[in-house]
Amino acid sequence: MSVLGTGIIPSGTPGTELSNTVRRIFTPSLFVQLGKAAPTLSLLLRSSRVARGGVAPVTFSLQTAAMVSGNWSGYLGNFAAPQPIPGINANAQFPQCMFLMPIPFLFTERAIQEKAKIVDILSARMSDARRFFVDAISNGLTISGTTYSTGLFAANNNTYPLAISTLADAYDDDTNVGTYGGVDRTTAYPSFRGNLLTSAGA
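Residues numbered from 1 in each chain as written. Predicted model: local features only at pLDDT ≥ 70, side-chain atom pairs only at ≥ 80, totals over all residues. Heavy atoms only, no water.

A.B. asks: Which parts of the structure should I look at to understand the nonpolar core?
C.D. replies: The tendency in soluble globular proteins is for nonpolar side chains to be buried side by side. Counting eight residues, the largest nonpolar core is built from Leu 62, Ala 90, Ala 92, Phe 94, Val 177, Tyr 180, Val 183 and Phe 192. Here this core gets three residues from one element, more than from any other, and that element is strand 2 (residues 88-94). In this structure, Leu 41, Val 134, Ile 137 and Leu 152 belong to the second largest nonpolar core, which totals five residues. (Core = buried A, V, L, I, M, F, W, Y, C linked by side-chain atoms within 4.5 Å. Buried < 20%, exposed > 50% of the residue type's maximum accessible area, 1.4 Å probe, protein only. Helix = DSSP H or I, 4+ residues; strand = E, 2+ residues; numbered from the N terminus.)

A.B. asks: Please explain the pattern of salt bridges as it appears in this structure.
C.D. replies: For side chains bearing opposite charge, pairing can occur when the charged atoms are close. By the definition in use, this model includes four salt bridges. Measuring nitrogen to oxygen at the nearest pair gives 2.8 Å for the salt bridge that ties Arg 125 to Glu 109. Of the two residues, Arg 125 sits in helix 4 (residues 121-139) while Glu 109 sits in helix 3 (residues 107-113), which places them 16 residues apart along the sequence. The class for Glu 109 is partly exposed, based on a relative accessible area of 21%. Taking the shortest distance from any N to any O, the salt bridge between Asp 120 and Arg 110 comes out at 3.7 Å. Residue Asp 120 is located in the loop between helix 3 and helix 4, and its partner Arg 110 is located in helix 3; the two are separated by ten residues in the primary sequence. Residue classification places Arg 110 among the partly exposed positions, given a relative accessible area of 21%. (Salt bridge = Lys/Arg side-chain N within 4 Å of Asp/Glu carboxyl O.)

A.B. asks: Honestly, the layout of surface pockets in this entry has me stumped. Any pointers?
C.D. replies: Unoccupied space between atoms shows up once a probe the size of one water molecule is rolled over them. Taken as a whole, the largest pocket spans an internal volume of roughly 1,900 Å³. Surrounding the largest pocket, 43 residues form its lining, Pro 95, Cys 97, Ile 137, Ile 164 and Ser 165 being those nearest its centre. Looking at the lining of the largest pocket, the elements with two or more residues in it are helix 2 (39-46), strand 1 (58-63), strand 2, helix 4, strand 3 (141-143), helix 5 (167-171) and strand 5 (179-180). (1 Å grid on protein atoms, 1.4 Å probe; cavity = no way out; pocket = protein on both sides within 12 Å on 5 of 7 lines; lining within 4 Å. Points joined across faces, edges and corners; volume = space filled by probe spheres on them.)

A.B. asks: In this structure, what is going on with the side chain of Asp 172? I would like to understand it.
C.D. replies: Summarising the element assignment, Asp 172 is placed in the loop between helix 5 and strand 5. There is no salt bridge for the buried Asp 172, and the closest opposite charge comes from Arg 185, which lies 4.6 Å off by N-O distance. There is a polar contact of 2.9 Å between the side chain of Asp 172 and the backbone nitrogen of Asn 176. Setting aside residues up to four positions removed in sequence, Asp 172 forms contacts with Val 177, Arg 185, Arg 193, Gly 194 and Leu 196. (Lys, Arg positive; Asp, Glu negative; His and termini not counted. Polar contact = N/O pair within 3.5 Å; in protein donor to acceptor, adjacent residues only side chain to side chain. Contact = heavy atoms within 4.5 Å.)

Set out below in structure tokens:
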């Protein structure tokens, strides 16, 4: 709806006539004011690896003990013969996760827009799909009216098993998440604990 009586546009009947016969002014761009920036997520996605095929979980070999040793030496630089020290002795396994996002696009939408579009609706929806994914993987999702803490920055993920593991899972010192990636870090591999620092005040 045109805004009449402001700037150079008159009010009353002349303004109504102009509104009915002249196009509004559009800038051919879309300003999106949704979502939150997540620098940590950007860094994680930049270093991510794509898993293709297979039914087993994604497996990571863990080094849970030092594999070398050393000591101070004197002028001669002598040292004891090194002995092999097994240090890679556990595997962490994480289930693969899949995030689906159907993009709505009707044939009639394309037909109506084909020669008269200001903003391409399909391009806008594809761009919004990226924003929605970043927001969902950062902060969690509302599914069928229920909000799940499934985001990367949420508390430990024990409410929605299809979602990714959170940073709270990874950084926990076994207080809340004793087993991470199938590895018992409470008693078997305490070196796999995160360095959780609890706030001691405001």
